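Here's the letter readout for the chains.
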2 protein chains.
Amino acid sequence: MTITDNSIYLPKDEMPRNWYNVLPQLPTPLGPYHTPDGQELPPEALAAIFPPGLIEQELSDRLWHPIPEPVLEALALWRPTPLVRAFGLEKALGVTSRIYYKNESISPSGSHKSNTAMAQAYYNKQAGLKRLATETGAGQWGTALSIAARHFGLDIRVYMVRVSLDQKPYRRVIMNLMGAEVLASPSQMTKAGRAALAADPDTPGSLGLAISEAVEEAAGRPDTNYSLGSVLNHVLLHQTVIGQEVIKQLALADEKPDYLIACHGGGSNFGGLATPFIPALLEGQKFKLLAAEPAACPTLTTGTFGYDYGDTARLTPLMPMYSLGPDFQPPAIHAGGLRYHGASPIVSNLLKSGLIGAETVDSAEAYKYARIMAQSEYIIPAPESSHALALTCRKALELEQQGQPGVLVFVLSGHGLLDLSAYEKAPD
Amino acid sequence: MTITDNSIYLPKDEMPRNWYNVLPQLPTPLGPYHTPDGQELPPEALAAIFPPGLIEQELSDRLWHPIPEPVLEALALWRPTPLVRAFGLEKALGVTSRIYYKNESISPSGSHKSNTAMAQAYYNKQAGLKRLATETGAGQWGTALSIAARHFGLDIRVYMVRVSLDQKPYRRVIMNLMGAEVLASPSQMTKAGRAALAADPDTPGSLGLAISEAVEEAAGRPDTNYSLGSVLNHVLLHQTVIGQEVIKQLALADEKPDYLIACHGGGSNFGGLATPFIPALLEGQKFKLLAAEPAACPTLTTGTFGYDYGDTARLTPLMPMYSLGPDFQPPAIHAGGLRYHGASPIVSNLLKSGLIGAETVDSAEAYKYARIMAQSEYIIPAPESSHALALTCRKALELEQQGQPGVLVFVLSGHGLLDLSAYEKAPD
């Protein structure tokens, strides 16, 4: 007998050698970042917290950016990731559409965050930095950057939102194991943290405050830079390895996609899948790029487009994006990585120009399909990824009703093995 | 540049199509199982709790057993598993030996247990059974059998040692997610459980008692069979896919091994690696097969060879094996999967005839190298697997001292993402 191979692999040598920069191909140019008084932000304003290599990428008009060899070697530890045909899920749903998932959960951190973490750690090391400071909410980003810092020989301090740290103590265990220092935020280390603790010693903390602490530390120490896990252009750039691989893998499988779907929090996962497909879309190929966002934090579907701050403390530059406002407090849904009031400027631009779509998924629907996937594919999706999964299933069922089965691809951005409390308490 | 590929993959079609049965090749025949009065156990005595397909394998003198197609398709969901060159670990240790690990952690359950779980569920389904009953200590086996039961459409009840359930609540979450019923043992479901609770309502339970509960349930219900995750011949048979793949992968890499190492609890992981290498050993090839057992439960290195019971409650047949005695209470080390007083009859036989060796590893050494591996390979080994890792590192350092670098292979039997409490509390 021939054994069914459910995975489409690429050989190592087919790994993307360049990152794809969508900026020069946007139908409407991306607006510049602004200072609080509405002036264009000078690039050198970013130099206090980012290395030159990343600042150059943030504002680049070059279409392709070669991936430096040490980053390529680091990514090769787990990439290319497989594109998996979800035979079990198709059967469980009773659909004749073909469903594929891009399995980013096999990275060292268990999520797509490692793609940019490795790149960011490299450019900071190259620029002579000794330390990184960052924040983490759900813990995926802190884990990924801790591993990347270890790989490239940097020290790292992670400000983890106190309530998240209490809910997910094992995230700290992993980061510590990798050599990272993990502090509950707010902390006594920063002015912002001390002020918050003085106001309320029992405050659970917030992502906005943790960002403020990490940025304050990086801005105040010449040996330390700040690192962000989503939203910014250079972060989306690093994630384009996802979409580039999917293009090659679909070609290998001789498949033309109808839907390409990823979840959306800050936008790096969705942008990493979607932007490499933009040229084909502009050439007139027919398929839909869809962002799945949580109903509890509907930035793209109900937010306002305009200049807004990236953090609650209003320390970041103003960015042209869809936003619910920096004071928006999303409810404590399990998909912590999707609880962000804003959206990446690139994804916002693509949505505004009608090149992509966005739909909301509520927690019950996300959990329903996560459970079906666990029972049919034997893989437990991260709560964030479950939103992409659920929207994919919804579209597959719609196609079935219309009698027009198609090809659907979604990104399994991470596994849920460190988020099992979400499954314990999820709606049944 | 050529990108380094650290993994040796086999194509799907190179998956082993047969299980390898070492019984006919043992230099000294394996003794039969015994009843309590010292008589040979009749095979039909096993029929109350095992299906015919597994009983036939338990006592077979056929060298090769074809893997049924449905089992092959199930294994193909994740097999063949990669053999990974541990470049990072070699560098961290400062050795010139080449170290490889067979990565069994990529299975749906995160451990090698899925190899036999899929086979056992299949044969029970084929024999018309509706339900399985089993016990689990650390939780790896319960997880693997829950997934396999789901795959082949069987109900399952898992008796999980109460203290383990309290320590690892997320194991229950996963098993529930797959549709399994999980009970704290002792439970009110069985005579054995009720008696234990009557004697001490607050008893933490034990693996021996959980086995008694599962066996009692299976023996008393015609629709239900019992399933065991290690020790028995048929379990080791199913695990020989590991060693068979390693043989092919080493040939692909043009490597001749000096050491082949796996951890040892009941013996299925070690047996799965070691037995396919026995023919080469008998032909005179020079390499060492080594079992790594915990210093806290040194069955192979200090136990007595003879007929003994497989469980504390003395419900099982007597088996010819090394044992510390059914009343031996190993301390509560983190490697829960290695806390077993006995050893598989096959591994015991191989050790007695001098074909394999065994060495102990204490918790501090296991943890030390687990940490080094996490920081150099970015993968967190299960506490059980850390024993094999530690012994491998010890041997690599010895070879280095002797100026004779070699080739070492160990089985990473599982990942530690669901055992992070072990890393939280481990010796520093």
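One can find the structure itself at the top, above this paragraph.
Residues numbered from 1 in each chain as written. Chains lettered and ligands numbered in written order. Predicted model: local features only at pLDDT ≥ 70, side-chain atom pairs only at ≥ 80, totals over all residues. Heavy atoms only, no water.

> How should I be thinking about helix H16 (residues 383–401) of chain A in this particular structure?
Because an α-helix completes one turn every 3.6 residues, residues spaced three or four positions apart along the sequence face the same direction. For H16(A), built from 19 residues, the straight-helix expectation of 27 Å at 1.5 Å per residue is met to within 8% by its first-to-last C-alpha distance of 27 Å. Most of H16(A) sits inside the fold, with 14 of its 19 residues counted as buried. (Helix = DSSP H or I, 4+ residues; strand = E, 2+ residues; numbered from the N terminus. Expected span 1.5 Å × (residues − 1). Buried < 20%, exposed > 50% of the residue type's maximum accessible area, 1.4 Å probe, protein only.)

> Can you help me understand helix H15 (residues 363–377) of chain A in this one?
Residue and element names in this part refer to chain A. Counted at 1.5 Å a residue, the expected span for H15 with its 15 residues is 21 Å, and the 20 Å between its end C-alpha atoms agrees. Measuring from the side-chain oxygen of the N-cap residue of H15 to the backbone nitrogen of alanine 364 gives 3.2 Å; that N-cap residue is aspartate 362. Positive phi shows up at tyrosine 378, right after H15, with a value of about 60°. (Polar contact = N/O pair within 3.5 Å; in protein donor to acceptor, adjacent residues only side chain to side chain.)

> Would you take a moment to explain the nonpolar core for this structure?
Generally speaking, nonpolar side chains in soluble globular proteins are found buried as a group. Residues Leu260(A), Leu289(A), Ile380(A), Leu260(B), Leu289(B) and Ile380(B) are the most contacted members of the largest nonpolar core, which totals 167 residues. Those residues in contact with Ile380(B) that sit more than four places away from it in its chain are Ile174(A), Leu177(A), Met178(A), Ala374(B), His415(B), Gly416(B), Leu417(B), Leu420(B) and Tyr423(B). (Core = buried A, V, L, I, M, F, W, Y, C linked by side-chain atoms within 4.5 Å. Contact = heavy atoms within 4.5 Å.)

> Would you take a moment to explain the pattern of salt bridges for this structure?
Opposite charge on two side chains permits them to pair, given that their charged atoms come into close proximity. Residues and elements named next belong to chain A. Following the criterion strictly, the structure yields 34 salt bridges over all chains and no others. When the shortest N-O distance is used, the salt bridge between glutamate 104 and arginine 79 registers 2.7 Å. Of this pair, glutamate 104 sits in the loop between strand E5 (98–103) and helix H4 (113–126) while arginine 79 sits in the loop between helix H2 (69–75) and strand E4 (83–85), and the two are 25 residues apart along the sequence. As far as burial versus exposure is concerned, glutamate 104 and arginine 79 are alike and both buried. The salt bridge involving arginine 394 is made with glutamate 359; its shortest N-O contact spans 2.9 Å. Linking arginine 394 in helix H16 with glutamate 359 in strand E14 (residues 357–361), this pair joins segments that are 35 residues apart in sequence. The network of salt bridges with common partners includes Glu359, Glu365, Arg394, Lys395 and Glu398. (Salt bridge = Lys/Arg side-chain N within 4 Å of Asp/Glu carboxyl O.)

> Would you explain the relation of the copies chain A and chain B in this entry?
Expressed as a screw transformation, the operator carrying chain A onto chain B has a rotation angle of 180° and an axial translation of 0.0 Å, and the superposed copies differ by an RMSD of 0.0 Å. Here the two chains are linked by the operation of a two-fold rotation axis. When each C-alpha of chain A is compared by its distance to the rotation axis, Leu417(A) comes out closest, at 3.5 Å. By residue overlap, the copies meet face to face through one surface: 100% of the interface positions of chain A are interface positions in chain B. (Least-squares fit on C-alpha atoms with pLDDT ≥ 70 in both.)

> Looking at this model, I keep getting lost on the sheet that holds strand E9 (residues 224–226) of chain A. Mind explaining?
Strand pairing in a sheet is mediated by backbone hydrogen bonds. Such pairs are either parallel or antiparallel. Residue and element names in this part refer to chain A. Taken in spatial order, the four strands of this open sheet run E8-E7-E6-E9, and their pairing is parallel. The open sheet has two free edges, formed respectively by strand E8 (181–185) and E9, since each of these has just one partner strand. Each neighbouring strand pair of the sheet contributes to a mean axis angle of 25°, computed without reference to strand direction. In terms of strand pairing, strand E7 (residues 155–161) meets E8 through five bridges, oriented parallel. Within E8, the residue paired with tyrosine 159 across the bridge is leucine 183. (Pairing = 2+ DSSP bridges. Axes fitted to C-alpha atoms, helices over the stretch in contact; angles between N-to-C directions.)

> Which parts of the structure should I look at to understand the pairing of E5(A)?
Residues in a regular strand project their side chains so that they alternate between the two faces of the sheet. Residue and element names in this part refer to chain A. Of all the six residues making up E5, five are buried; the element is thus mostly covered by neighbouring parts of the structure. Judged from the three bridges that link them, E4 and E5 form a sheet pairing that is antiparallel. Note that in E5 the partner of arginine 85 across the bridge is tyrosine 100. Taken together, the six bridges between E5 and strand E15 (residues 407–412) define a ladder with parallel strand orientation. Pairing of asparagine 103 across the sheet is with leucine 412, part of E15.

> Quick question: what am I supposed to make of the environment of Phe305(B) here?
All names here are of chain B. By the secondary structure assignment, phenylalanine 305 is in strand E12 (residues 304–309). On the accessibility criterion, phenylalanine 305 (33% relative accessible area) is partly exposed. When the C-alpha atoms of phenylalanine 305 and serine 323 are compared, they prove to be 6.4 Å apart, with 18 residues separating the residues in sequence. Apart from the residues within four sequence positions on either side, phenylalanine 305 is in contact with Pro320, Met321, Tyr322, Ser348 and Lys352.

> Is there a simple way to think about the environment of Ser230(B) in this case?
Residue and element names in this part refer to chain B. Tracing the chain through its elements places serine 230 in the loop between strand E9 (224–226) and helix H10 (233–252). For serine 230, a relative accessible area of 10% gives the class buried. When the C-alpha positions of serine 230 and leucine 165 are compared, they lie 20 Å apart, and in sequence the two are 65 residues distant. With residues near it in sequence (within four places) discarded, serine 230 still touches Lys113, Val235, Gly266, Gly267 and Ser268.

> So what exactly am I meant to see when it comes to the packing of helix H8 (residues 191–199) of chain B against helix H9 (residues 207–220) of chain B here?
Each packed pair of helices is defined by two parameters, the angle between the axes and the distance between the axes. All names here are of chain B. Where H8 meets H9, the axes come as close as 8 Å, and the angle between the chain directions of the two elements is 145°. Contacts between H8 and H9 involve Lys191, Ala192, Gly193 and Ala196 from the first element and Leu209, Ser212, Glu213 and Glu216 from the second. Across the contact of H8 with H9, the residue classes tally to three nonpolar, two polar and three charged. (Nonpolar A, V, L, I, M, F, W, Y, C, P; charged D, E, K, R; others polar.)

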